[in-house]
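Remarks on the overall topology
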Amino acid sequence: MNNKTALAFAFLGIIWGTNFVFMRWASEWITPVQIVFLRVMFGFVPIAILAWTQKALCKSHLRYTGHFLVMALLATVIYYWAFASGTSLLLSGVSGVLSGAIPLFSFIVAAVFLRQEKITAGRLGGILLGFAGVVLIAKPWQVSGDNISLAGVGYMILGSLSVGISFVYAKKFLADKKIAPPALATYQIGLALLILTFITPFTGITAIAQDTTASLGLIIGLGLLGTGIAYLTYYYLILNLGAVVASSVTYIPPVVALIAGVTVANEQIGLTEVLSMVLILSGVFLLQRPSRRPEAVKEAEAVQ
């Protein structure tokens, strides 16, 4: 992984991690689907402008509209709505921890459908190690029905499954189309915005304006950075790293979300949490290690 890819990897992990705090703030004023509509709207505008100025949009791309629609549903509408719904019922830190299930789903789907994804012992060990860290942060053995919403957990699992599948779908059906990331993001988010326009109830949506912090968090944190810039980075990682390795970026948000939750809610970090972070980052490291097999080297050279 070169410096540019590593920077993109870290950036996306941090942005996705802080999104849970922004969603939590916004959920105090508007509904989950309204959060998603505003998030997608503010994220779509700058990406569409960038794609237009770079002349990345092309009429020939219309034949892939079906794929763009699937990605709009999997990686935007369902994913965002499920996570916004889950975060509205859970602490932001808990929501972030549960998002760590995304690589597990990506791994399973990739192993079944993407033969070019090499599931080596090192990668498998990295996924298991990272998942162990996520479980350790979650501490399911200490959670009782009185302080955690099972519905919230269900929403987070649904969102994790949806975006996990989207990583693999994009790699299988879009990665070889040679469509520029700004165009891919524009088509996906644009279609998602169209869908959301028809299903979003707008009554009470302006209530978010009563809280400046929540408004800025939604517009800048969730919209511009968490949607617009994040999706450019998302496609960039898939195209350069592959579905399994790119999905491992989702090990970072649980750590970031936990830290953000501690900062906002004054929670304390103990030895268990520190150990969890070490396990998660170690898992990411193992997933990023390049295969030393000759065929893997040839594949990497072919991509370059």
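For the structure, see preceding data.
These numbers come from a predicted model, not from an experiment.

Let's shift gears to unusual backbone geometry. Unusually for a residue other than glycine, lysine 55 sits at a positive phi of about 55 degrees. A relative accessible area of 74% places lysine 55 in the exposed class. At lysine 178, a residue that is not glycine, the phi angle is positive and equals roughly 55 degrees. Examined against the element boundaries, lysine 178 turns out to sit in the loop between α7 (150-173) and α8 (181-199).

The residue threonine 87 is located in helix α3 (residues 65-89) in this model. For threonine 87, a relative accessible area of 0% gives the class buried. Not counting the four nearest positions on each side in its chain, threonine 87 is found in contact with Phe20, Met23, Arg24, Ser95 and Met156.

In this section: helix α2 (residues 32-53). When the terminal C-alpha atoms of α2 are compared, their 32 Å separation across 22 residues agrees well with the 32 Å that a helix rising 1.5 Å per residue should span. All of the buried residues along α2 are Val33, Gln34, Ile35, Val36, Phe37, Leu38, Arg39, Val40, Gly43, Ile47, Ala48 and Ala51. Turning to α2, the residues buried within the fold contact α1 (3-27), α3, α8 and α9 (212-241).

With that out of the way, let us pick up the environment of leucine 90. Tracing the backbone shows leucine 90 in the loop between α3 and α4 (92-98). Here the alpha-carbon distance between leucine 90 and leucine 150, two residues 60 residues apart in the chain, equals 9.4 Å.

Before going further, it helps to spend a moment on the pattern of salt bridges. What the rule picks out here adds up to two salt bridges. The salt bridge partner of arginine 24 is glutamate 28, with a shortest N-O separation of 3.8 Å. Since its relative accessible area comes to 25%, arginine 24 is described here as partly exposed.

The subject of this paragraph is α1. With 25 residues, α1 should cover 36 Å at 1.5 Å per step; its first-to-last C-alpha distance of 36 Å lies within 8% of that length. Approximately 25 degrees is the largest bend angle found in α1, and it occurs at asparagine 19.

What counts as what
Residues numbered from 1 in each chain as written. Predicted model: local features only at pLDDT ≥ 70, side-chain atom pairs only at ≥ 80, totals over all residues. Heavy atoms only, no water. Buried < 20%, exposed > 50% of the residue type's maximum accessible area, 1.4 Å probe, protein only. Helix = DSSP H or I, 4+ residues; strand = E, 2+ residues; numbered from the N terminus. Contact = heavy atoms within 4.5 Å. Expected span 1.5 Å × (residues − 1). Salt bridge = Lys/Arg side-chain N within 4 Å of Asp/Glu carboxyl O. Bend = angle between axes of the 7 residues up to and from the residue.

Read these as layout, nothing more, since geometry by itself doesn't imply function.
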